[in-house]
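The lines below spell out each chain.
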Amino acid sequence: MALRGGKKLSISIQEHMAIDVCPGPIRPIRQISAYFPRLSPTSPGPASSPLALSPGMGGAHLLSPMLAPSRPSMGGSLSLNSSMDTSVEITSDDSDDCTALGTLEFDLRYERSSSELHCTVLRAKGLKSMDFNGLSDPYVKLHLLPGACKANKLKTKTIRNSLNPVWNETLTYVGITEEDMHRKTLRLTVCDEDKLTHNELIGESRVPLKRVKLDQTKHFHTCLEHPPPMPSPTAMGEALRGISCYLREWENEQLHSLEERGRLLLSLQFQPPLGLEEADAGGGGGRRGGGLCVGVRRCAHLAAMDVNGFSDPYVKIYLKPDLQKKSKHKTTVMKKTLNPEFNEEFFYEISLPELAHKVLEVTVWDYDLGRSNDFIGGVCLSCHSQGDVLRHWMDCLKNQGSRVERWHILTNELPRTLGHD
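From a predicted model like this one, the values you see are computed outputs, not experimental measurements. (Residues numbered from 1 in each chain as written. Predicted model: local features only at pLDDT ≥ 70, side-chain atom pairs only at ≥ 80, totals over all residues. Heavy atoms only, no water.)

Asks: Help me understand the overall build of the protein, please; the structure alone is not making it clear to me.
Replies: Summing up its helical and strand segments, the protein has eight helices and 17 strands in all. Taking the contacts inside the protein whose residues are at least 6 apart along the sequence as the reference set, 66% of them involve residues at least 24 apart. (Helix = DSSP H or I, 4+ residues; strand = E, 2+ residues; numbered from the N terminus. Contact = heavy atoms within 4.5 Å.)

What follows is the structure in structure tokens.
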């Protein structure tokens, strides 16, 4: 800038920037900084000021570029991302523009009378492309957590070459109790199927089942997320030891988890003694005395005991104490299944006072030809049981002649009085 007398006035870069951002007379940069109070992580003033955070009001442009390096502590306070909504679930009225992985729509309904959980996988939108052609071959897998993934996995069909697949497919879990609805989580995983290589994970969504009301259908429209990372040590020198400790803890958790062994649908009915006329008429099938009728209906989500990912299950029942060793009954063996249906009944002739002092042991085994059979799980019913097991047993004793059915969780511990075949 030329002045009279041939002299020139040089303006520094800082003063030039002050002219750009500050209306009115030129002020040094130290005076401009007086308009902005000192920021600290603990001072809430500027972080909540719309002048500093709202781009629509031009607040982001009021800060001089020379101020950013000199204020390292205000990076977190002035971050625009800090005010964004981090929720991953959206309602049907919200926008689909949520994450780069896509969104998933599905319905959940729990039928209390049949102990069934129905999941209707409707559609996905805006899925991430996983193939070279810019598309994917998506399908959805369901898992109940906590629980063995192989035992309770359900899967939809695969939709070829689509980023917006529509399934409209209902998958059903059986043997789900009201207790499960309060403590379990349903994981829905969207994967891309590859015939020549391993299937690829696109994203997942997790829903606590306690959000679903009994006998009511609830609609979900969720954003897919990346699965949570597994914990790992930061120091490379302790990596192997940390991983081994993590694996041991995981194995111990799986070993003591009741969900690892599956469910059993059992029916109990105490039949009172028949009179002479009823017995002679053949109404009791040649039986006069009363007794306990045990019906083994089906199993669900059994643990896989064979290398093919299945089991060959059968059920054994005992009524103990059994001094004469005549109370053992076995069902037929169902090949290669984790959800067998037996529908077999067994009868013990016994009086009601004697039955009150007995223990009914029901165990599920995996049949192996040429070697010892593998124990899958079991349950014991008696007056000394607890929870649903005790209620089932007492309902049987109190309601003579009535058939009482109930699902039971198979524990992974052998009953104390039980021996191998």
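Asks: I'm lost on the environment of Thr331 in this one. Help?
Replies: Inspection of the secondary structure assignment puts Thr331 in the loop between β13 (329–330) and β14 (341–349). Residue Thr331 is classed as buried on the basis of its relative accessible area, which comes to 7%. Between the C-alpha atom of Thr331 and that of Tyr314, which follows or precedes it by 17 residues, the distance is 5.7 Å. Excluding anything up to four places from it in sequence, Thr331 contacts Val296, Tyr314, Val315, Phe342, Glu344 and Phe346. At 2.9 Å, the side chain of Thr331 forms a polar contact with the backbone nitrogen of Val315. (Buried < 20%, exposed > 50% of the residue type's maximum accessible area, 1.4 Å probe, protein only. Polar contact = N/O pair within 3.5 Å; in protein donor to acceptor, adjacent residues only side chain to side chain.)

Asks: Could you clarify how one ought to interpret the pairing of strand β11 (residues 291–300) in this entry?
Replies: The two faces of the sheet receive side chains in turn, since in a regular strand these alternate between them. The element β11 is largely enclosed, with a buried count of nine among its 10 residues. When strand β10 (residues 263–271) meets β11, the two strands line up antiparallel, connected through nine bridges. Paired with Leu264 across the bridge in β11 is Cys299. Relative to β14, β11 is paired through seven bridges, and the arrangement is antiparallel. Across the sheet, the residue bridging to Val296 is Glu344, located in β14. (Pairing = 2+ DSSP bridges.)

Asks: What exactly am I supposed to notice about the sheet that holds strand β15 (residues 359–366) here?
Replies: Within a sheet, neighbouring strands are paired by backbone hydrogen bonds and run either parallel or antiparallel to one another. One open sheet holds the four strands; their spatial order is β13-β12-β15-β16, and the pairing between them is antiparallel. If you trace the sheet from one side to the other, it starts and ends with β13 and β16 (374–381), each paired once. In this structure, strand β12 (residues 313–320) lies alongside β13, joined through two bridges in antiparallel fashion. Its bridge partner being in β13, Lys316 is matched across the sheet by Lys330.

Asks: I tried to follow the environment of Leu127 on my own but got confused; where do I start?
Replies: Among the secondary structure elements, Leu127 is positioned in the loop between β3 (116–125) and β4 (138–145). Taking the C-alpha atoms as reference points, Leu127 and Pro165, separated by 38 residues in sequence, lie 8.7 Å from one another. The contact partners of Leu127, leaving out residues within four places of it in the chain, are Leu101, Gly102, Pro138, Leu163, Pro165, Val190, Ile202 and Leu224.

Asks: Looking at this structure, I do not really get the nonpolar core. What am I missing?
Replies: Where a protein is soluble and globular, its nonpolar side chains tend to be buried together. In this structure, Leu360, Val362 and Leu381 are the most contacted members of the largest nonpolar core, which totals 30 residues. Residue assignment for this core shows that the elements contributing at least two residues are β10, β11, β12, β14, β15, β16 and α8 (387–398). Not counting chain neighbours up to four residues away, the residues in contact with Leu360 comprise Leu268, Val294, Tyr318, Leu319, Tyr348, Val379, Cys380, Leu381 and Trp393. Counting residues in each nonpolar core, the second largest holds 28 residues, with Tyr110, Leu142, Met181 and Leu224 among its members. (Core = buried A, V, L, I, M, F, W, Y, C linked by side-chain atoms within 4.5 Å.)

Asks: Teacher, can you tell me more about the sheet that holds strand β5 (residues 154–155) here?
Replies: Read from one edge to the other, the open sheet built from four strands follows the order β5-β4-β7-β8, with strand pairing classed as antiparallel. Looking at strand neighbours, the two that pair on one side only are β5 and β8 (200–208), the edges of this open sheet. Relative to strand β7 (residues 185–192), β4 runs antiparallel, the two sharing eight bridges. Across the sheet, residue His143 finds its bridge partner in β7, namely Arg187.

Asks: Any chance you could explain the pattern of salt bridges here in plain terms?
Replies: Oppositely charged side chains are able to pair whenever their charged atoms sit close together. Counted by the stated rule, this structure contains 17 salt bridges. A salt bridge links Arg112 to Asp215, with the shortest nitrogen-to-oxygen separation between them at 3.8 Å. Taken as a pair, Arg112 in the loop between β2 (103–111) and β3 and Asp215 in the loop between β8 and β9 (217–223) lie far apart in primary sequence, 103 residues in all. Assessed through its relative accessible area of 43%, Arg112 is described here as partly exposed. Among the salt bridges present, the one from Arg160 reaches Glu193, with a minimum N-O distance of 2.5 Å. Placement of Arg160 in the loop between β5 and β6 (166–174) and of Glu193 in the loop between β7 and β8 is noted, with a sequence separation of 33 residues between them. Given the relative accessible area of 39%, Arg160 is considered partly exposed. Via salt bridges that share partners, Glu179, Asp180, Arg183 and Arg263 belong to a single interconnected network. (Salt bridge = Lys/Arg side-chain N within 4 Å of Asp/Glu carboxyl O.)

Asks: Would you mind going over the packing of aromatic side chains with me for this structure?
Replies: Given two aromatic rings, their pairing is described by the distance between the two centres and the angle made by the two planes. In the structure shown here, the tally under the stated rule is two aromatic pairs. Both rings, one in Phe106 and one in Phe220, keep their centres 5.2 Å apart while their planes meet at 15°; by these two values the pair is stacked. Of this pair, Phe106 sits in strand β2 while Phe220 sits in strand β9; the two residues are 114 residues apart in sequence, bridging distant segments of the chain. You'll find Phe106 and Phe220 in the same group, each marked buried. Both rings, one in Trp365 and one in Phe375, keep their centres 5.4 Å apart while their planes meet at 70°; by these two values the pair is edge-to-face. Here the residue Trp365 occupies a position in strand β15, and Phe375 occupies one in strand β16, the gap between them amounting to 10 residues. Exposure class is identical for Trp365 and Phe375. Each is buried. One Lys or Arg, Lys155, reaches over the ring of Tyr139 and ends 4.5 Å from the middle of that ring. Note that Lys320 overlies the ring of Tyr318, its terminal NZ or CZ placed 4.5 Å from the centroid. (Phe/Tyr/Trp six-rings, centres within 6.5 Å; stacked < 30°, edge-to-face > 60°. Lys NZ or Arg CZ within 6 Å of the ring centre and 35° of its normal.)

Asks: Looking at this structure, I do not really get unusual backbone geometry. What am I missing?
Replies: If a residue is not glycine, its phi is most likely negative; likewise, a peptide bond is most likely trans. Residue Pro146 is bonded to the preceding Leu145 through a cis peptide linkage, with omega at -5°. Within the secondary structure layout, Pro146 lies in the loop between β4 and β5. The linkage connecting Lys320 with the following residue, Pro321, adopts the cis geometry, with an omega of 5°. Structurally, Pro321 is set in the loop between β12 and β13. Here the phi dihedral of Lys336 falls at roughly 50°; this positive angle occurs in a residue that is not glycine. For Lys336, the position within the fold is in the loop between β13 and β14.

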